[in-house]
Amino acid sequence: MTPDQLSTAIVSALGRLVDDGRLALPDGFPAEVRVERPKVKEHGDYATNIALQLAKKAGLNPRDLAQWLAAELESADGIASAEVAGPGFLNLRVAAGAQGQVAAVVLERGGDYGRNDSYAGQRVNLEFVSANPTGPIHIGGVRWAAVGDSLGRLLTFAGADVTREYYFNDHGAQIDRFARSLLASARGQDAPEDGYGGQYIHDISADVVAQHPGAVALPDAEAVEVFRAAGVELMFAEIKRSLHDFGVDFDVYFHENDLHASGAVERAIGRLDALGKMYESGGARWLRTSDYGDDKDRVVVKSDGQPAYISGDLAYYLDKRERGFDRCLIMLGADHHGYVSRMMAMCAAFGDEPGVNLEILIGQMVNLLRDGQPLRMSKRAGTVISLEDLVDAIGIDAARYALSRYSTDSPIDLDLDLWASTTNDNPVYYVQYAHARLSSILRNADDLAIAHGLQNFDPALLEHEKEGDLLRALASFPEVVARAAQLREPHRVARYLESTAAAFHTFYAVCRVLPQGDEDVADVHRARLVLVAATRQVLANGLGLLGVTAPERM
Amino acid sequence: MPTVLVVDDTASIRFLIRTNLELAGFEVREAVDGIDCIEQLRADAAAGTLPDAVTVDEMMPRQGGMVTVRAIRADPALADLTVLMVTTQNMPMDIKRGMEAGADVYVTKPFDPDELIATITDLIDSEG
């Protein structure tokens, strides 16, 4: 019996209480009831606080409501017992056969097990990385590449229509410094004082010279323009290639200039004007962001008539909404923290709902440690640690897993030696090894010609305590992935995989899956093989959501 | 009567810890996530009613346990509080990270309620 099925059983029980007049629900029925896995075995297989949630509105004592529910549920199929605890918690035990059925559900749904429809019909724009093409993706951007892509996978799994978007600008002071650095390298000069260093500058400069042999000899202004245009193209191609190799591809690369060229800036200002959110003061045009929680109003058009920086943000947000996105998620580095309140105020000024139509996720810093010391220099990118540095050190799977494993609001120190190790202290190794071991067990079963399909599966045979623990872990996967999508927290999937791998190892240590020696093949072996196959499927599904491979062998 | 603030987003876990602590003679308050925790503690500090210890779960919506423990240690009014991380995260790297964030003790779930009470009592006594 899955948590979803338990939820349905509880909703049905509530319905019977309403029908017989004992319960009145002025706000209507809950569509679903959340059940949790208690952390203490004595509390049963699952617990719910639904009686506590509903009793007050229904004018009842929570314990009375819980008692009525318990009586209804004890006669429900698949529930062995229902007990009331504390002020009105309900602890449920699932019948052995009903619990084992979870393994069959997993195998029937296969790669779709855990897929849900919580974001069905919603169009989501995920904007992340968005680094200007002045150098390789630095480690902070890499965190967003891993987390953003995993979040995209989770939201897609939750039914959303997700567009991954990369916003960039190839003009301005940064790009100018980049172009002058390339030209200086081509001329054998030192990088400009405010320029960019690192081997990549020399590599790209050499490529520009190969494409445009005469550019070095041009007058400075013309030469810089050639190096800018060609250099940006080469740098961007490298960024796209390295992200692709990392398993991250974007659907849209949005150029800042397009906002100005398409009139989107004027359109956004016009819209806000029409809504009465703009005013003039000191020759400039202001947006009333302080009406929506910002600490002050913001200049949108400067007194010289030039658009201020925020005008691009206004136009870009409106452009996304006009492209039909219900939700716009933007992932930014910690240095953008002060930017959140004005963006949210801007969203509200358009009449939208901050936190729904616009969300901003802030990612904290990542430090790489080797031999316990921070890594400060990159092989190729100078003083910036890049995507390639991380992948070279620990590989793509470990990099993606490590960066997705922590809440983004928390800075992380990644110990490269540990993440490259083949020990159980390395979380990605631990989970991947469990998947490989599960695969190996199934291969051995095939070698012994032991069928492990669902044809002769008797779920009631999975009655060992450790089988129950593993089954409950598998049953909770749909809720974990739905919650990870809802909270924008892919790390919940990683932590879930680790605890499920641990539950498998404990099960495997005490429950013999394959017959030994001359032992006959028994139905319990076949049932356990189904559990093994189901566990492998769930680990594969979870690893896939993190963009990490599920190896058959290690 | 010593007071403990229990911070966990799961109602049944808060209830479990509360029940056991109350049976052992503690007064218990609850917070549902890290932000709620910090807000309550700052109000307590202003009112001079800080708890004797705080138990903090790691994985919570809005603000997780690591960030919350760091915030407690970074706030001079709260920095001396006794903090226990009570969490399912039991990889060695997680325990190290929790201690580096500033937890006094890292307790992994599932935990033995008696051991948790003994640990809290020892910590409060040693601070005492």
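Since we're looking at a predicted model, the values are computed, not measured.

Moving on, we get to the overall build of chain B. Along chain B, the regular secondary structure elements total 5 helices and 5 strands. The helix and strand sequence of chain B, counted from the amino end, reads β-α-β-α-β-α-β-α-β-α. Scaling as 2.2 N^0.38, a compact globule of 128 residues should have a C-alpha radius of gyration of about 14 Å, and chain B matches this with 13 Å. Across its three principal axes, chain B shows a C-alpha extent of roughly 35 × 30 × 30 Å. Burial status across chain B gives 40% buried among its 128 residues. Expressed as a percentage of contacts within chain B between residues at least 6 apart in sequence, the contacts between residues at least 24 apart total 60%.

As a further point, take the overall build of chain A. Across its full length, chain A holds 19 helices and 14 strands. Across the 554 residues that make up chain A, the buried fraction comes to 47%. Counting only contacts in chain A whose residues sit at least 6 apart along the sequence, the fraction spanning at least 24 positions is 70%.

On to the nonpolar core. Residues Ala145, Leu474 and Val481 of chain A are the most contacted members of the largest nonpolar core, which totals 137 residues. Those residues within four positions of Ala145 of chain A in sequence are excluded, and the remaining contacts are Phe128, Val129, Ile137, Leu243, Phe246 and Val248 of chain A.

Residues and elements named next belong to chain A. For helix 17 (residues 465-487), with 23 residues, the first-to-last C-alpha span of 32 Å sits near the 33 Å given by 1.5 Å per residue. Approximately 40° is the largest bend angle found in helix 17, and it occurs at Phe477, with the proline Pro478 only one to four residues beyond. Just beyond helix 17, the residue with positive phi is Arg488, at close to 60°.

So, about helix 2 (residues 34-47) of chain B. Residues and elements named next belong to chain B. The terminal C-alpha atoms of helix 2, which comprises 14 residues, lie 20 Å apart, in line with the 20 Å expected from a rise of 1.5 Å per residue. Here helix 2 has its buried residues at Gly34, Cys37 and Leu41. Buried residues of helix 2, viewed axially, fall in a sector of 55°; they line one side. What points out from helix 2, more than 90 degrees from its buried face, is the exposed set Glu39, Ala43, Ala46 and Ala47. Buried residues along helix 2 sit against strand 1 (3-7), strand 2 (27-31), strand 3 (53-56) and helix 3 (65-74). At the C-terminal side of helix 2, Gly48 shows a positive phi close to 70°.

Let us look at the domain arrangement of chain A. Residue and element names in this part refer to chain A. When cut into domains, chain A gives domain 1 (3-94), domain 2 (128-136 + 168-248 + 368-420), domain 3 (137-167 + 249-363) and domain 4 (423-545). Each of domain 1 and domain 4 was reduced to a C-alpha centroid, and the two centroids are 29 Å apart. Tallying the contact residues gives 4 residues for domain 1 and 6 residues for domain 4. When grouped by side-chain class, the residues that make up the side of domain 1 that touches domain 4 number 1 nonpolar, no polar and 3 charged.

Between chain B and chain A, the residue contacts involve 20 residues of the former and 19 residues of the latter. Those elements that place two or more of their residues in the side of chain B that touches chain A are helix 1 (11-23), helix 3 and helix 4 (92-101) of chain B. With 6 residues, helix 1 of chain B is the single largest residue contributor to the side of chain B that touches chain A.

Glancing now at the sheet that holds strand 14 (residues 412-415) of chain A. Residues and elements named next belong to chain A. Spatial strand order, 13-12-14: 3 strands in an open sheet with mixed pairing. Because the sheet does not close on itself, it has two edges, and the strands there are strand 13 (373-374) and strand 14. Where strand 12 (residues 366-370) and strand 13 come together, 2 bridges link them in antiparallel fashion. Directly across from Leu369, in strand 13, lies its bridge partner Pro374.

Take the sheet that holds strand 9 (residues 298-301) of chain A next. All names here are of chain A. Ordered in space as 7-8-9, the 3 strands form an open sheet in which the pairing is antiparallel. Each having just a single partner strand, strand 7 (278-281) and strand 9 make up the two edges of the open sheet. Within this sheet the neighbouring strands show an average axis-to-axis angle of 45°, counted without direction. Two elements, strand 7 and strand 8 (residues 284-287), share 4 bridges in a ladder whose sense is antiparallel. Bridging from a neighbouring strand, Tyr279 pairs with Trp286 of strand 8. Relative to the sheet, helix 10 (residues 264-274) contacts strand 7, strand 8 and strand 9, its axis offset from that of strand 7 by approximately 95°.

We now examine the environment of Thr2 of chain A. Residues and elements named next belong to chain A. As for its placement among the helices and strands, Thr2 is situated in the segment before helix 1 (3-19). Separated by 469 residues in the primary sequence, Thr2 and Leu471 have C-alpha atoms spaced 9.2 Å apart. Residues in contact with Thr2, not counting those within four places in the same chain, are Val102, Val105 and Ala475.

All names here are of chain B. Per-residue confidence for chain B gives a mean pLDDT of 91; residues scoring 70 or more make up 98%. When pLDDT is averaged over each helix and strand of chain B, the minimum, 86, is found for helix 5 (residues 113-127) and the maximum, 97, for strand 1. In the model output, the complex is listed with pTM 0.88 alongside ipTM 0.78.

UniProt's feature table lists "short sequence motif: 'HIGH' region" (unreviewed entry) at residues 131-141 of chain A, given in the numbering used throughout. Secondary structure content for residues 131-141 of chain A is 27% helix and 0% strand, and the end C-alpha separation is 7 Å.

Scoring rules and cut-offs
- Residues numbered from 1 in each chain as written.
- Chains lettered and ligands numbered in written order.
- Predicted model: local features only at pLDDT ≥ 70, side-chain atom pairs only at ≥ 80, totals over all residues.
- Helix = DSSP H or I, 4+ residues; strand = E, 2+ residues; numbered from the N terminus.
- Rg over C-alpha atoms; globule rule 2.2 N^0.38 Å.
- Buried ≥ 20, exposed ≤ 12 C-beta atoms within 10 Å, placed from the backbone.
- Contact = placed C-beta atoms within 7 Å.
- Core = buried A, V, L, I, M, F, W, Y, C linked by C-beta atoms within 7 Å.
- Expected span 1.5 Å × (residues − 1).
- Bend = angle between axes of the 7 residues up to and from the residue.
- Arc of directions from axis to C-beta.
- Domains from an automatic or database assignment.
- Nonpolar A, V, L, I, M, F, W, Y, C, P; charged D, E, K, R; others polar.
- Pairing = 2+ DSSP bridges.
- Axes fitted to C-alpha atoms, helices over the stretch in contact; angles between N-to-C directions.
- pLDDT = per-residue confidence, 0-100.
- UniProt positions renumbered as here; feature names shortened; annotations may be inferred.

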